[in-house]
Amino acid sequence: MYTPRAFVETDLVELDRLIARDAFITLVTVADGLPVVTHLPVLYAREGDRIVIEGHWARPNPQARHAGPALMIVHGPHAYVSPGWYTDKEEAARVPTWNYAVAHLHGAMEITDDTAALASIVDRLSQINEAQVGNDWRFEHDRDDHVRQLRGIIGFRFEVQRVELKFKLSQNHPAANVEGVAAALQRLGGEDNTVVSELMLERLGRWKQDMGAT
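Everything numeric here is computed off the predicted structure, so don't read it as measured data.

Caption draft 1: Focus on helix α1 (residues 12-21). Three or more residues of α1 are buried, namely L12, E14, L15, L18 and I19. The buried residues of α1 occupy an angular sector of 145° when the element is viewed end-on, so they sit on one face. At the N-terminal end of α1, a side-chain oxygen is found 3.0 Å from the backbone nitrogen of V13, two or three residues along, and the residue is D11.

This is how it looks when you write it as structure tokens:
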């Protein structure tokens, strides 16, 4: 992923926040020289630098036969930035751009059709997502019809070997521009605009604090 130095993020807490906000990822593998892509919900666990992600495919999905190198894309908030929001738009001849946060996770896939492992993945996914919508469906391990449904899926475990975090939030602009864009996004409203604005101001606050400390 092309990431200019100003937009590099290294704090894995920021990856935690991206996943907590939206644990629906894009999984990319390669077969016969061509990319294969699936979009799916995942389970995320991190202890220090060790990151493990679990999930499952529908059994007929060709990607479900893939074991080995893979890329997971974690999609964060994004927002259009108008040059009209910059304080120096005329003298600097500013142009439109897009601000966003995203993570690329590189690693290796292990696949499984073990009934107990699949039941655990489905159970944990349902607990997390049912709670988010205020419902209470559960995978019932002692129900034969629930267990039979597991024949239709293949599970995976993804060990992350390298993390790329890109937070493009106008860090390469003067503080006045950052504040102008953040204020405009807040006025527009909407979840992505609001979150991008908050991320911009967070980083601007850290920069000002660091400058004061020096």
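Caption draft 2: Structural context of unusual backbone geometry. Non-glycine residue A93 carries a positive phi angle of around 50°. Summarising the element assignment, A93 is placed in the loop between β6 (68-81) and β7 (97-112).

Caption draft 3: Local environment of helix α4 (residues 175-188). The terminal C-alpha atoms of α4, which comprises 14 residues, lie 20 Å apart, in line with the 20 Å expected from a rise of 1.5 Å per residue. The complete set of buried residues in α4 reads N177, V178, G180, V181, A182, A184 and L185.

Caption draft 4: Here's a closer look at the pattern of salt bridges. Considering all chains together, one arrives at 19 salt bridges under this definition. In this structure, E202 engages R206 in a salt bridge whose closest nitrogen and oxygen atoms are separated by 3.5 Å. Taken together, the residues span about one helical turn, with E202 and R206 both in helix α5 (residues 191-213) at a distance of four residues. By relative accessible area, which is 35% here, R206 ends up partly exposed. Bridged by salt links that share partners, the residues E9, E14, R17, E202, R203 and R206 form one connected network.

Caption draft 5: Spotlight on the packing of aromatic side chains. In this structure the tally under the stated criterion is two aromatic pairs. Ring plane angle 50° and centroid distance 4.9 Å describe the contact between W57 and F156, whose orientation is recorded as tilted. With a gap of 99 residues between them, W57 in strand β5 (residues 50-58) and F156 in strand β8 (residues 153-168) connect regions that are remote in the sequence. Its guanidinium or amino end placed over the ring of Y86, R94 lies 5.6 Å from that ring's centre, counting from NZ or CZ.

Caption draft 6: Fine view of the side chain of R203. By the secondary structure assignment, R203 is in helix α5. Overall, R203 belongs to the buried group, its relative accessible area being 10%. Those residues within four positions of R203 in sequence are excluded, and the remaining contacts are E9, E14, F167, L169 and Q171.

Caption draft 7: Quick peek at the pairing of β8. Relative to β8, strand β1 (residues 8-9) is paired through two bridges, and the arrangement is antiparallel. From the neighbouring strand, V8 faces β8, where its bridge partner is K166. Two strands pair when backbone bridges link them, and β5 and β8 are joined in this way by seven bridges, in the antiparallel orientation. By the bridge assignment for β8, H56 is matched with G155. Bridge count between β7 and β8: 13 bridges; the pairing is antiparallel. Considered in β8, the bridge of G107 is made with V160.

Caption draft 8: Highlighting the side chain of K166. Tracing the backbone through its elements, the reader meets K166 in strand β8. No salt bridge is formed by the buried K166; its nearest oppositely charged neighbour, E164, is found at 9.3 Å. At 2.6 Å, the side chain of K166 and the backbone oxygen of Y2 are in polar contact. Engagement of the side chain of K166 in a polar contact is seen with the side chain of Y100, the distance being 2.8 Å. What K166 contacts, discounting residues up to four positions off in sequence, is M1, Y2, T3, P4, F7, Y100, A101 and V102.

Rules of the game
Residues numbered from 1 in each chain as written. Predicted model: local features only at pLDDT ≥ 70, side-chain atom pairs only at ≥ 80, totals over all residues. Heavy atoms only, no water. Buried < 20%, exposed > 50% of the residue type's maximum accessible area, 1.4 Å probe, protein only. Helix = DSSP H or I, 4+ residues; strand = E, 2+ residues; numbered from the N terminus. Arc of directions from axis to C-beta. Polar contact = N/O pair within 3.5 Å; in protein donor to acceptor, adjacent residues only side chain to side chain. Expected span 1.5 Å × (residues − 1). Salt bridge = Lys/Arg side-chain N within 4 Å of Asp/Glu carboxyl O. Phe/Tyr/Trp six-rings, centres within 6.5 Å; stacked < 30°, edge-to-face > 60°. Lys NZ or Arg CZ within 6 Å of the ring centre and 35° of its normal. Contact = heavy atoms within 4.5 Å. Pairing = 2+ DSSP bridges. Lys, Arg positive; Asp, Glu negative; His and termini not counted.

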